[in-house]
Amino acid sequence: MSIVVGEVIAVSGVRISLRIFEDSSLETIFFEGVKYRGVSLREHLVIQRGFIDIVCLVEGEYLDEKKLEAEAERTVYVRKVDVRPIGYVVDGTFFEGVKYMPMIRDKASLLSELMVGKIYGTDGNSQISIGSMLKENVPISLPWAKIFNSHLGIFGNTGSGKSNTLAKLYTTLFSEKLEGLKDKSKFVIIDFNGEYTEGQILPAKDKRVTVLDSKKGADRFKIESSHFWDAETLSLLFQATTNTQQPFLRRVLNGRDRYRDVPLKHYLERTLEKAFSASEPKPDALELSREIARIADCEELQDHLKGMTYNAHRKYFKDSSGNYYNSDGDGFLTHLKPIIAEHIDLDGLDPFKELILRCYLQLCSDVVLGYAQYEHIQPVLSRAKSSLSALRKVLEIVDVPSPPHLLHVISLKKCKNEVKKILPLLIAKNFYSNHKDSENLKSPPTRTLHLIIDEAHNILSEQSTREHEIWKDYRLELFEEIIKEGRKYGVYLTLSSQRPADISPTIVSQIHNFFIHRLVNERDLMLLDNTISTLDSSSKALIPTLAKGCCVVTGTAFDLPMILKVDPLLPDLRPDSDDVNLEELWATPPA
């Protein structure tokens, strides 16, 4: 038994008009011990059509004049509302979608708050609750199995509460499902602003926190050597051109693989022998040899090569002592080889220095043999030295991957901008490749990987002009592959951003579920309009005016869009993104 508040007076398509009785304008009504909310915008009504209850949402109301024939001078105002059907109830179960439509004179009744909660997901076994419905104030339990089995987008202007929503979502998940997640799932947070490095989401003792610093280099992210010694990765790190520089880098890596058991010192010796015993010596080979001696950190070899000159007319090298270096090889064997044998030690070379040394050795060999021109390859080596000097302080190349952690937070707050562009790509590629290539991975996957990227517009933007076009294309292609193909491998993305319009439309279109906080930019709203099919017009109209902490929740995991007020986390669990309290900061000190 419910409270009848009106009747159907018009049906046009899916637009229904109701005449509301005069005594139905109260905000809250109690009937037989059950609480009901009165008739107003975005409230829910039920229209009885036989044994079917059609659930409708109020979208507008207005007054209509009615003249009484008996009293011609008296005007009566009739309250009318427009409603839209959103589903129907059969045997106490709600079904989303329009299947039944009412007829004229069908009665409309109020819907209890308990039934509203069942419609939006409080019924069932779910225990993941992060807030309550904004208007009804009914706690909502989210369908966690559908949410975390999908790509998530959390969007909103700065200060709208999106960081709290992200933290609340995963804090609640870990508090409810911690034991079940261990050894089955991995969560990786790429944290641009250092908001999750303390006790957020999980206590610090239960998670791994890597704080990368471009200046001090105290903590480093461990990446497997197989991912570092990769032609595609190096080509993009160094912005290598397609026709000349990329084939050069492939020759460097192929030579390393082919002669893996040959000592690097022997490779250096053979290269310099080739350079100083050539029938047609090249002056560029002398400059490259000096750079090789500097990289190898051999002062004796540097001093010897510093005094060496090239005779362009007769085409030979001559050192400061008057010794000649001709094609017979005697000069090299007598004067250079003993220096190399006695003073060069390359056993403790780190992978970054080894890569640069191998590149210069390969270029020296190519120049001598005529395979490459010095001026074509030199730019990529300059970029390589610049990039690797920055990466050396934040990366560590290892042969065996580090043991997995349930939650791994990687903070980029103290990194330079150039590193912030490169690192997320390497981190995502490292985790994604390891997960995809895992021997234990089955179909359907028995383990999952969840990549959480805060401030995602920093690395998924199509608008960036600070990088090479090839790098930007590959960066977007990798994340587009993860978001399009990752689901079949159990890899899921969670993106949080202030500017969804800056993110690649391909990536946004593949997101399954959205938590949308206040957005006011027209481009952002237009993007949501074009990519989210589950967002209705009334919910979309609320987005620019949402209060802090409120969001529109919609997507494939939800039957209907809903307005959710997310509960704030306790101060010690909140992300480090609180607003400055200027009253305290600027308070006048007591006299």
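Rules of the game
- Residues numbered from 1 in each chain as written.
- Predicted model: local features only at pLDDT ≥ 70, side-chain atom pairs only at ≥ 80, totals over all residues.
- Heavy atoms only, no water.
- Helix = DSSP H or I, 4+ residues; strand = E, 2+ residues; numbered from the N terminus.
- Rg over C-alpha atoms; globule rule 2.2 N^0.38 Å.
- Buried < 20%, exposed > 50% of the residue type's maximum accessible area, 1.4 Å probe, protein only.
- Contact = heavy atoms within 4.5 Å.
- Lys, Arg positive; Asp, Glu negative; His and termini not counted.
- Charge placed at Lys NZ, Arg CZ, Asp CG, Glu CD.
- Pairing = 2+ DSSP bridges.
- Axes fitted to C-alpha atoms, helices over the stretch in contact; angles between N-to-C directions.
- Parallel < 35°, antiparallel > 145°, perpendicular 65-115°, else oblique.
- Left-handed = near helix turned anticlockwise from the far one by under 90°.
- Nonpolar A, V, L, I, M, F, W, Y, C, P; charged D, E, K, R; others polar.
- Phe/Tyr/Trp six-rings, centres within 6.5 Å; stacked < 30°, edge-to-face > 60°.
- Lys NZ or Arg CZ within 6 Å of the ring centre and 35° of its normal.
- Polar contact = N/O pair within 3.5 Å; in protein donor to acceptor, adjacent residues only side chain to side chain.
- Disulfide = S-S within 2.5 Å.
- Core = buried A, V, L, I, M, F, W, Y, C linked by side-chain atoms within 4.5 Å.
- Expected span 1.5 Å × (residues − 1).
- Patch = residues over 30% accessible without salt bridge, like charges linked within 9 Å, V, L, I, M, F, W, Y side chains within 5 Å.
- Areas by Shrake-Rupley, 256 points an atom, 1.4 Å probe, with all protein chains shown as cover.
- Salt bridge = Lys/Arg side-chain N within 4 Å of Asp/Glu carboxyl O.

Q: What is the right way to look at the overall build of the protein chain in this model?
A: Of regular secondary structure, the protein chain possesses 19 helices and 25 strands. By the compact-globule yardstick of 25 Å for 591 residues, the protein chain is too spread out, its C-alpha radius of gyration being 34 Å. Referenced to the eigenvectors of the C-alpha coordinate spread, the extents of the protein chain come out at roughly 130 × 60 × 55 Å. Across the 591 residues in the protein chain, those meeting the buried criterion constitute 51%. In the protein chain, once contacts between residues fewer than 6 apart in sequence are set aside, the share between residues at least 24 apart is 70%. For the protein chain, the distance from the average position of its 75 positive side-chain charges to the average position of its 83 negative side-chain charges is 2 Å.

Q: What exactly am I supposed to notice about the sheet that holds strand β18 (residues 324–325) here?
A: In any sheet, the strands associate via hydrogen bonds between backbone groups, in a parallel or an antiparallel arrangement. Spatial strand order, β16-β17-β18: three strands in an open sheet with antiparallel pairing. With one partner strand each, in any of the chains shown, β16 (309–311) and β18 form the two edges of the open sheet. Pairing of strand β17 (residues 316–318) with β18, which is carried by two bridges, proceeds in the antiparallel orientation. Across the sheet, residue Lys318 finds its bridge partner in β18, namely Tyr324.

Q: What exactly am I supposed to notice about the packing of helix α8 (residues 283–295) against helix α11 (residues 351–369) here?
A: Helix-helix packing is characterised by the crossing angle of the two axes and by the distance between the axes. One way to put it is that α8 packs onto α11 with a least axis distance of 9 Å and a crossing angle of 165 degrees. Accordingly, the angle class assigned to the pair α8 and α11 is roughly antiparallel. As for the relative orientation of α8 and α11, their crossing is left-handed in sense. Packed against α8, whose contacting residues are Asp284, Ala285, Leu288, Ser289, Glu291, Ile292 and Ile295, the element α11 presents Lys353, Ile356, Leu357, Tyr360, Leu361, Leu363, Cys364, Val367 and Val368 at the interface. Taken together, the residues that form the contact of α8 with α11 break down as 12 nonpolar, one polar and three charged.

Q: Quick question: what am I supposed to make of the packing of aromatic side chains here?
A: In this description, an aromatic ring pair is defined by two values, namely the gap between the centres and the angle between the planes. Per the counting criterion, the structure on display carries 13 aromatic pairs. Relative to Tyr100, the ring of Tyr88 has its centre 5.1 Å away and its plane inclined at 85 degrees; by these criteria the two rings are edge-to-face. Of this pair, Tyr88 sits in strand β7 (residues 75–90) while Tyr100 sits in the loop between β8 (93–96) and β9 (107–110), placing them 12 residues apart in sequence. Of the residues examined, Tyr88 reaches a relative accessible area of 12% and is grouped as buried. Pairing Phe155 with Phe514 gives two aromatic rings, centres 6.1 Å apart and planes at 50 degrees, and the pair type is tilted. One end of the pair, Phe155, is in strand β12 (residues 152–155); the other, Phe514, is in strand β23 (residues 513–516), and 359 residues separate them in sequence. Given a relative accessible area of 0%, Phe155 falls into the buried group. Among the aromatic side chains, those forming a connected cluster through ring pairs are Phe148, Tyr170, Phe174 and Phe187. One residue, Arg256, lies across the ring of Trp229, its end atom 4.0 Å from the ring centre.

Q: What am I meant to see in the packing of α8 against helix α9 (residues 299–306) here?
A: At their nearest, the axes of α8 and α9 sit 8 Å apart, and the two run at 160 degrees to each other. In terms of orientation, α8 and α9 fall into the roughly antiparallel class. Of the two elements, α8 crosses α9, and the hand of that crossing is left-handed. Contacts between α8 and α9 pair Leu286, Ser289, Arg290, Ala293 and Arg294 from the former with Leu301, Gln302, Leu305 and Lys306 from the latter. For the contact of α8 with α9, the residue count by class is four nonpolar, two polar and three charged.

Q: Just to check I follow, could you spell out unusual backbone geometry for this structure?
A: Located in the positive-phi region is Arg105, a residue other than glycine, with phi close to 80 degrees. Structurally, Arg105 is set in the loop between β8 and β9.

Q: Just to check I follow, could you spell out the pairing of β9 for this structure?
A: Successive residues of a regular strand alternate their side chains across the two faces of the sheet. With three bridges joining them, strand β1 (residues 4–12) and β9 adopt antiparallel strand pairing. In the sheet register, Val4 faces β9, and the bridge partner there is Ser109. With three bridges joining them, strand β5 (residues 44–49) and β9 adopt antiparallel strand pairing. Bridge pairing links Ile47 to Ala108 in β9.

Q: Is there a simple way to think about the environment of His227 in this case?
A: Residue position: His227 is located in helix α4 (residues 225–228). Under the relative-accessibility criterion, His227 is labelled buried at 13%. Residues His227 and Leu449, 222 residues apart in the sequence, show an inter-C-alpha distance of 18 Å. Residues in contact with His227, not counting those within four places in the same chain, are Thr233, Asn430, Ser433 and Asn434. Among the polar contacts made by the side chain of His227, one reaches the side chain of Asn430 at a distance of 2.7 Å.

Q: In this structure, what is going on with the state of the cysteines? I would like to understand it.
A: Simply put, the disulfide is a covalent bond whose two ends are the sulfur atoms of two cysteines. Considering all chains together, one arrives at zero disulfides under this definition. With no disulfide of its own, Cys550 lies 7.6 Å from the sulfur of Cys551, the closest cysteine sulfur. Judged by relative accessible area, Cys550 falls into the buried class, the value being 2%.

Q: Just to check I follow, could you spell out the nonpolar core for this structure?
A: Generally speaking, soluble globular proteins have nonpolar side chains that are buried together. Core analysis: the biggest nonpolar cluster contains 107 residues, and Leu268 and Phe276 have the highest contact counts within it. Looking at which element gives the most residues to this core, the answer is α11, with 11 residues. The residues touching Leu268, leaving out its near neighbours within four places in the chain, are Ile292, Ala296, Ile340, Ile344, Leu346, Leu357 and Leu361. One finds Met115, Leu166, Val566 and Leu569 within the second-largest nonpolar core, a separate group that totals 45 residues.

Q: Explain helix α3 (residues 162–181) to me, please; I cannot follow it from the model alone.
A: Within an α-helix, residues lying three or four positions from one another point in the same direction, as the helix has 3.6 residues per turn. The first and last C-alpha atoms of α3 sit only 24 Å apart over 20 residues, clearly below the 28 Å expected at 1.5 Å per residue. Burial of α3 is extensive: 14 of the 20 residues sit out of reach of the surface. Asp183, located one to two residues past α3, shows a positive phi value of around 65 degrees.

Q: Hey, could you run me through a nonpolar patch on the surface in this one?
A: A cluster of nonpolar side chains, Val580, Leu582, Leu585 and Trp586, forms an exposed patch at the surface whose accessible area comes to about 480 Å². With respect to the secondary-structure elements, Val580 resides in the loop between β25 (562–566) and α19 (582–585).

Q: Can you help me understand the sheet that holds β25 in this one?
A: Taken together, 11 strands build an open sheet; the order of strands is β11-β10-β25-β24-β23-β12-β22-β21-β13-β20-β14 and the sheet is mixed. Two strands in the sheet have a free side with no partner beyond their single neighbour: β11 (139–142) and β14 (208–213). The average angle at which neighbouring strand axes cross in this sheet is 25 degrees, direction not considered. Where β12 meets β23, four bridges bridge the pair, whose relative direction is parallel. Looking across to β23, one finds that Ile154 is bridged to Phe515.

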